[in-house]
Amino acid sequence: MKKTSARLADGRELIYYDAGDDVVRDAVDERVLTRATPMAEIRRDPVREEWVLIASHRQGRLLHTPTNGCPLCPSPEGDSEIMAPGYEVVVFENRFPSLYGRADGARARIDELRRPGHAWDRAPSAGRCEVVCFSSDHEASFADLSPGQVALILEAWTDRTAELSRLPDVEQVFLFEDRGKEVGMTLAHPHGQIYAYPFITPRTERVLASVAAHRERTGRNLFDDVLAGELSDGSRVVIEGEHWAAFVPHAARWPYEVHVYPRRRVPDLTALGDGARAEFPGLYLDLLRRFDRLFGEDVGPVPYISSWSQAPVSAPRGFALHLELFTVRRTPAKLKHLAGSELLMDVFVNEIPPEAAAARLRELG
């Protein structure tokens, strides 16, 4: 993999990832572009012990642009974010970030907010938000890519995890993709995002507490036991590989939800071995294509969210890297809409039994 760093006209970083070492990336962004000053801050909800990102500047971000105005398509004329005539994989700083900048002492300030007496306090925004463009083809989706393309994306994800984890204000690196307007996608071009948080996310805090409690109770790792239990039961397993296993979780929240675990527990993408890296592209493409066949060709591409859960930078390493994939579609004509129980009490109601979802996905292989 060859990595080439460049700068956009407003100073944001853009990085090309190429499979070949002989590729030259020397295009210059000649746009007249002033870097906007994001209006962002972090506030703490003292009742729920959760962080909320306030980012008013995102009201002006681009939504559902046409093909000829897509900011993620290659454009040597300089009317998009990527000035090259073509590219393989590109990562750049988000123009409308939810997290922005390096704030001196931000993590110490966030730790201070955890103490009683700061119910209405706030912290300066810190961290980084990036966009990952999976292909220069506007009409493609991730499932259309080749294993070689996915392998390059995996290398880019790994590199960004390593680089962002070294930033002094970053505590957790989160990579995700959403596809379809139904799940909030605002640009149709195949892409994902990266959030480098200056705190451990509330969900991860709860998971770490469960991992610690399980270790105290059994002496074993929770993730190891979950994977072993799913493989032993077998009724919810969708795909088994030499280095990875994909299964519908026992208490799935979404109509069709699959978790993908490496068989050897690692904390993040940087720790994956060569065998797991080589096997992942084919297994993941197989899974995505099964999702796209769930409801037939008449329905079209299935809306989904896919994300990597990785260990926080400074957290105990009992956390296990894994990928979570789900769709909000439950029938060809019906979506899973979150209602009162899910939105207000975090208690999900799933209309499709996990065993039935797994059986359906196995049939589509």
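About the cut-offs
- Residues numbered from 1 in each chain as written.
- Predicted model: local features only at pLDDT ≥ 70, side-chain atom pairs only at ≥ 80, totals over all residues.
- Heavy atoms only, no water.
- Helix = DSSP H or I, 4+ residues; strand = E, 2+ residues; numbered from the N terminus.
- Rg over C-alpha atoms; globule rule 2.2 N^0.38 Å.
- Contact = heavy atoms within 4.5 Å.
- Areas by Shrake-Rupley, 256 points an atom, 1.4 Å probe, with all protein chains shown as cover.
- Lys, Arg positive; Asp, Glu negative; His and termini not counted.
- Charge placed at Lys NZ, Arg CZ, Asp CG, Glu CD.
- Pairing = 2+ DSSP bridges.
- Axes fitted to C-alpha atoms, helices over the stretch in contact; angles between N-to-C directions.
- Buried < 20%, exposed > 50% of the residue type's maximum accessible area, 1.4 Å probe, protein only.
- Polar contact = N/O pair within 3.5 Å; in protein donor to acceptor, adjacent residues only side chain to side chain.
- Core = buried A, V, L, I, M, F, W, Y, C linked by side-chain atoms within 4.5 Å.
- Disulfide = S-S within 2.5 Å.
- Parallel < 35°, antiparallel > 145°, perpendicular 65-115°, else oblique.
- Left-handed = near helix turned anticlockwise from the far one by under 90°.

Caption draft 1: Examining the overall build of the chain more closely. Of the regular secondary structure elements, the chain holds 7 helices and 16 strands. Since a compact globule built from 365 residues should have a radius of gyration of about 21 Å, the 21 Å found for the chain is in line with a globular shape. Taking the principal axes of the C-alpha coordinates as reference, the chain spans close to 60 × 55 × 40 Å. For the chain, the share of sequence-separated contacts (at least 6 apart) that also reach a separation of at least 24 residues comes to 67%. Summing over all exposed atoms, the chain offers an accessible surface of approximately 16900 Å²; the carbon and sulfur share of this is 52%. Considering the chain, the positive charge centre built from 45 side chains and the negative charge centre built from 55 side chains are found 5 Å apart.

Caption draft 2: Up close: the sheet that holds strand 13 (residues 304-309). Overall, antiparallel pairing links the 11 strands, which are arranged 1-2-5-7-9-8-13-14-12-11-10 in an open sheet. For this open sheet the edge positions go to strand 1 (2-7) and strand 10 (237-240), each flanked by a neighbour on one side alone. For this sheet the average axis-to-axis angle between neighbouring strands, irrespective of direction, equals 20 degrees. Strand direction decides the pairing type here: strand 10 and strand 11 (residues 244-247), joined by 3 bridges, are antiparallel. Along strand 11, the bridge assignment pairs E240 with A245. Here helix 2 (residues 147-165) sits on the sheet and contacts strand 1, strand 2 (13-18), strand 5 (89-93), strand 7 (128-133), strand 8 (172-179), strand 9 (191-197) and strand 13; the angle it forms with strand 2, its principal contact strand, is near 140 degrees. Helix-sheet contacts for helix 4 (residues 222-233) involve strand 10, strand 11, strand 12 (256-262) and strand 14 (322-327), and the interaxial angle to strand 11 is about 70 degrees.

Caption draft 3: Fine view of the environment of C133. Of note, C133 is situated in strand 7. By relative accessible area, C133 is classed as buried at 0%. In this structure the C-alpha to C-alpha distance between C133 and Q149, which are 16 residues apart in sequence, comes to 12 Å. Other than its neighbours up to four places away in sequence, C133 contacts L72, I82, Y87, E88, V89, V90, F92, P190 and H191.

Caption draft 4: Main features of the environment of K2. Residue placement: K2 occurs in strand 1. Under the relative-accessibility criterion, K2 is labelled partly exposed at 24%. Spatially, the C-alpha atom of K2 lies 5.1 Å from that of D18, the residues being 16 residues apart in sequence. Not counting residues up to four positions away in its chain, the partners in contact with K2 are Y16, Y17, D18, G20, D21, V23 and V24. A distance of 2.5 Å separates a polar atom in the side chain of K2 from the backbone oxygen of V23.

Caption draft 5: Representation of the nonpolar core. Ranked by size, the top nonpolar core spans 54 residues in total, and within it F142, W157, V258, F280, L287 and W308 carry the most contacts. Every residue in contact with F280, bar those within four places of it in the chain, is listed here: V150, L154, W157, W244, W308 and L323. Ranked by size, the runner-up nonpolar core spans 16 residues in total, among them L14, Y16, Y87 and V90.

Caption draft 6: Summary view of the state of the cysteines. A full pass over the atoms with the stated rule returns 0 disulfides. Among the cysteines around C70, which has no disulfide bond, C73 carries the closest sulfur, lying 3.8 Å off. Cysteine C133 is unpaired, with the sulfur of C70 as its nearest cysteine sulfur at 7.8 Å.

Caption draft 7: Structural context of the packing of helix 3 (residues 202-218) against helix 4. Between helix 3 and helix 4, the shortest axis-to-axis distance is 8 Å and the interhelical angle comes to 85 degrees. Taken together, helix 3 and helix 4 sit at an angle that is classed as roughly perpendicular. Counted together, V207, S210, V211, H214 and T218 of helix 3 and L222, F223 and D225 of helix 4 form the full contact between these two elements.

Caption draft 8: Up close: the packing of helix 2 against helix 5 (residues 274-292). Between helix 2 and helix 5, whose axes approach to 9 Å, the crossing angle comes to 120 degrees. Comparing the axis directions of helix 2 and helix 5 gives the class oblique. Note on packing geometry: the crossing formed by helix 2 with helix 5 is right-handed. Contact with helix 2, carried on its side by P147, V150, A151, L154, E155, W157 and T158, involves R277, F280, P281 and L285 of helix 5 and no other residues of that element.

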